[in-house]
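Each chain, letter by letter, is given below.
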Amino acid sequence: MAEDTKADAPLETAPNGVQAETGAPIEEQAQTWFPTAYTILFLLIAVVAALTWIIPAGSYDRVMSEAVGKEIAVAGTYKTVAANPQGFVEVMLAPGAGFYDPDSYVANAIDVALFVLFLGGCLGIVNATGAIDTGIRSVMHRLRGHEIWMIPIMMSLFSLGGTTYGMAEETLAFYAILVPVVIAAGYDAVTGIAIILVGAGIGVLGSTINPFATVIAANAAGIAFTDGIMLRFVVLIGGLIISAAYIMRYASRVKADPTRSVVASQAAAHRRIFLKNQPDAETSQSLTATQSIVLVVFALAFAVMIWGVSTQGWWMARMSALFLGAAILVGLIARMGEKKITGYFIDGARDLLGVALVVGLARGIVVIMDNGLIADTILHSAEQGLAGMNDLVFINLMFWIEVGMSFFVPSSSGLAVLSMPILAPLADFAGVGRDLVVTAFQSANGLVNLINPTFAVVIGGLAIGRVSYDRWLVFIWPLLLMLTLFISAVLSLAAFL
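Quantities reported herein were computed from a predicted structural model and do not represent experimental measurements. (Residues numbered from 1 in each chain as written. Predicted model: local features only at pLDDT ≥ 70, side-chain atom pairs only at ≥ 80, totals over all residues. Heavy atoms only, no water.)

Asks: What should I look at first to understand the overall build of the chain in this one?
Replies: Secondary structure summary: the chain contains 21 helices and four strands in total. When burial is assessed residue by residue, the chain has 57% of its 497 residues classed as buried. Look at the contacts in the chain between residues 6 or more apart in sequence, and 79% of them connect residues 24 or more apart. Summed over all atoms, the accessible surface of the chain reaches about 20,100 Å², with 67% contributed by carbon and sulfur. (Helix = DSSP H or I, 4+ residues; strand = E, 2+ residues; numbered from the N terminus. Buried < 20%, exposed > 50% of the residue type's maximum accessible area, 1.4 Å probe, protein only. Contact = heavy atoms within 4.5 Å. Areas by Shrake-Rupley, 256 points an atom, 1.4 Å probe, with all protein chains shown as cover.)

Right, dumping it as structure tokens:
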């Protein structure tokens, strides 16, 4: 860090719960018996590697599909191949390979990890201006007495992004902004995380025109992506209503009695981390001219990001460049000088370094499964299990098969390319429309990715929000149960009709 920035920089707290400047541990920790996300992911890599010694290796023939734009499996071509069990060396190599694997059919993690670091650097510079802290106090002052309504409003916006273009990794940019706002409103960090993660997740679960889930899956299934769109609207709207009601009820209970928060033991630490520069004076709610300009630039960066991803085909490289440019511009507007701009940027990137590492670890699981040649064998077992089922049993079993496969292949496009060419044609024999299979696939994938430890967005969002994985499970399991019952009822009714 630049020497002259150290005295001016506010005390930061790194994602692992240790104060960045002093190294002193935070007293308020979640239950220490539960392993960290890093340990969970590394253990999952080891478990999947062990499975490559047990599950026979196999593969389908693949052909290039012009409709999908990728190679897809050919039904009826499964064959066993020579085993390639993954041992100790492969397990140790997997986290690094997770960042970049040129032969993978799903996106690599290096671009996501770099985006997280550039985003962290931008946040470091913006936070140093005090604009976000003051802006939060100003917003809370204006929303006083009506804070609860920002939950369904924000969830609807994130859901819109999920259903139209599969908003996922881009949400990582919003956690550091929204979580402090929610905490300042009297709720907890879990509420802020849920607004983003569940909001966007419900959009993906009920994808309508999402090109990375619905369009790819429909093309792979040999149908138009508009087939079944009305049913997916039912899943989207129903899932959003259930989720928003659940989160609003939880948030209201936490505000009335903070001890009912699933992270009550960390409440003081979270307030210190996310609201660290909050004076009590009423005048602190007023933004300076410089801070106002900084917030406008920062908000425009998010608007441009959404525009670029949804309409221009942007991905992580351009998004990283966008936030790098925004960081430099904010530093110049705030008249920080070169050394302070550099110092604050590095400090901010350092705070999200743990999140970037988690991204590679999560992808390492997919690398092990691919190299161990067991993905197609698992798919072949599913294909055999679905044969000869009646329509109701078929569609519900299809849903649960996709739930299981989603843990190993969290990418919606990757799972669509892998499973739809094999499983969708089976619907013809069960008397079920292929569009219903696509709906079952995306509902299952979206549901699992609300908790999936192999999905970098889940682990990354929790890391930014300083909430442990076990606390998230405690919060979300009732909602998962409600959504599962709702989806099963919708799929069953559609199959029956």
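Asks: Quick question: what am I supposed to make of the packing of helix H3 (residues 110-128) against helix H6 (residues 172-184) here?
Replies: Each pair of packed helices can be summarised by the angle the axes make with each other and by the distance between the axes. The contact between H3 and H6 brings their axes to 9 Å, and the two run at 30°. As far as their axial angle goes, H6 and H3 are roughly parallel. Here H3 runs over H6; the crossing is right-handed. Counting all contacts with H3, which are made through Val112, Phe115, Val116, Leu119 and Leu123, the residues of H6 involved are Leu172, Ala173, Ala176 and Ile177. Among the residues making up the contact of H3 with H6, the classes are represented as nine nonpolar, no polar and no charged. (Axes fitted to C-alpha atoms, helices over the stretch in contact; angles between N-to-C directions. Parallel < 35°, antiparallel > 145°, perpendicular 65-115°, else oblique. Left-handed = near helix turned anticlockwise from the far one by under 90°. Nonpolar A, V, L, I, M, F, W, Y, C, P; charged D, E, K, R; others polar.)

Asks: What exactly am I supposed to notice about the pattern of salt bridges here?
Replies: Pairs can form between side chains of opposite charge whenever their charged atoms are close. This structure, assessed with the given rule, holds six salt bridges. Taking the shortest distance from any N to any O, the salt bridge between Arg471 and Asp470 comes out at 3.8 Å. This pair shows no difference in class: Arg471 is buried, exactly as Asp470 is. (Salt bridge = Lys/Arg side-chain N within 4 Å of Asp/Glu carboxyl O.)

Asks: Sorry, what's going on with the nonpolar core here?
Replies: Most often, soluble globular proteins keep nonpolar side chains buried together rather than apart. Core analysis: the largest hydrophobic core is formed by 161 residues, its most contacted members being Met305, Phe323, Trp472 and Phe475. At 12 residues, the largest contribution of residues to this core is made by helix H21 (residues 469-496). (Core = buried A, V, L, I, M, F, W, Y, C linked by side-chain atoms within 4.5 Å.)

Asks: Teacher, can you tell me more about H3 here?
Replies: Note on helix geometry: an α-helix contains 3.6 residues per turn, so any two residues three or four positions apart are oriented the same way. Under the 1.5 Å per step criterion, the end-to-end length of H3 is 27 Å for 19 residues, consistent within 8% with the ideal 27 Å. For H3, the set of buried residues is Val112, Ala113, Phe115, Val116, Leu119, Gly120, Gly121, Cys122, Leu123, Gly124, Ile125 and Val126. Looking one or two places after H3, you find Gly130, whose phi comes out positive at around 80°. (Expected span 1.5 Å × (residues − 1).)

Asks: Looking at this model, I keep getting lost on the environment of Gly206. Mind explaining?
Replies: Relative to the assigned elements, Gly206 resides in the loop between helix H7 (189-205) and helix H8 (211-221). C-alpha separation for the pair Gly206 and Phe233, spaced 27 residues apart in sequence, amounts to 6.6 Å. Here Gly206 is in contact with Thr163, Arg232, Val235, Leu236 and Gln442, once residues within four sequence places are set aside.

Asks: Looking at this structure, how should I read the confidence of the model for the chain?
Replies: The predicted structure's coordinates, where accompanied by low pLDDT, should not be read in detail. With 88% of its residues at a pLDDT of at least 70, the chain reaches an overall mean of 82. Element-level mean pLDDT values for the chain span from 71 in helix H4 (residues 131-143) up to 95 in helix H9 (residues 229-256). Across residues 278-283, where pLDDT falls below 50, the model places four contacts with residues more than four positions away in sequence or in other chains. (pLDDT = per-residue confidence, 0-100.)

Asks: Explanation requested: the packing of H6 against helix H20 (residues 456-464) in the structure shown.
Replies: Direction vectors running N to C along H6 and H20 enclose 30°, while the axes themselves pass 9 Å from each other. In terms of orientation, H6 and H20 fall into the roughly parallel class. As for how H6 packs across H20, the hand of that crossing is right-handed. Here Leu172, Tyr175 and Ala176 of H6 come into contact with H20, specifically with Val457, Gly460, Gly461 and Ile464. When grouped by side-chain class, the residues that make up the contact of H6 with H20 number five nonpolar, two polar and no charged.

Asks: When you look at the side chain of Gln86 in this model, what are you seeing that I'm missing?
Replies: Relative to the assigned elements, Gln86 resides in the loop between strand S4 (79-80) and helix H2 (88-99). Separated by 2.9 Å, the side chain of Gln86 and the backbone oxygen of Asn84 make a polar contact. When near neighbours in sequence (up to four residues on either side) are disregarded, Gln86 contacts Ala49, Thr52, Trp53, Ile368, Asn371 and Gly372. (Polar contact = N/O pair within 3.5 Å; in protein donor to acceptor, adjacent residues only side chain to side chain.)

Asks: What is the right way to read the environment of Ser59 from this model?
Replies: Summarising the element assignment, Ser59 is placed in strand S1 (residues 58-59). If we ignore the near neighbours within four places in the chain, the residues touching Ser59 are Thr77, Tyr78, Lys79, Val81 and Asp376.

Asks: Please explain the packing of aromatic side chains as it appears in this structure.
Replies: One pair of aromatic rings is described through two measures. These are the centre distance and the angle between the planes. What the rule picks out here adds up to 11 aromatic pairs. Ring geometry for Tyr250 and Phe475: centres 4.8 Å apart, planes at 70°, overall edge-to-face. Of this pair, Tyr250 sits in helix H9 while Phe475 sits in helix H21, placing them 225 residues apart in sequence. Of the two residues, Tyr250 and Phe475, both sit in the buried class. Three or more aromatic residues link up through ring pairs in this structure, and these residues are Phe115, Phe158, Phe174, Phe298, Phe302 and Phe323. (Phe/Tyr/Trp six-rings, centres within 6.5 Å; stacked < 30°, edge-to-face > 60°.)

Asks: Whenever I open this one, a nonpolar patch on the surface confuses me. Can you help?
Replies: A surface patch of nonpolar side chains, amounting to about 530 Å² of accessible area, comprises Phe42, Phe88, Val89, Met92 and Leu93. With four residues, the single largest contributor to the nonpolar patch is H2. Mapped onto the elements, Phe42 comes out in helix H1 (residues 37-51). (Patch = residues over 30% accessible without salt bridge, like charges linked within 9 Å, V, L, I, M, F, W, Y side chains within 5 Å.)

Asks: What am I meant to see in helix H19 (residues 434-448) here?
Replies: The end-to-end C-alpha distance of H19, which contains 15 residues, comes to 21 Å, matching closely the 21 Å that a straight helix rising 1.5 Å per residue would cover. Most of H19 sits inside the fold, with 13 of its 15 residues counted as buried.

Asks: Just checking my understanding: could you explain the environment of Gly404 for this structure?
Replies: Tracing the backbone through its elements, the reader meets Gly404 in helix H16 (residues 391-408). Judged by its relative accessible area of 30%, Gly404 is partly exposed.

Asks: Honestly, unusual backbone geometry in this entry has me stumped. Any pointers?
Replies: Where the residue is not glycine, phi is negative for most of them; where a peptide bond is considered, it is trans in most cases. A positive phi angle, close to 55°, is found at Arg335, a residue other than glycine. Overall, the relative accessible area of 68% leaves Arg335 in the exposed class. Phi is positive for Leu373, close to 60°, though the residue is something other than glycine. Relative to the assigned elements, Leu373 resides in the loop between helix H14 (353-371) and helix H15 (375-386). Look at Leu373 and you get partly exposed, because its relative accessible area is 31%.

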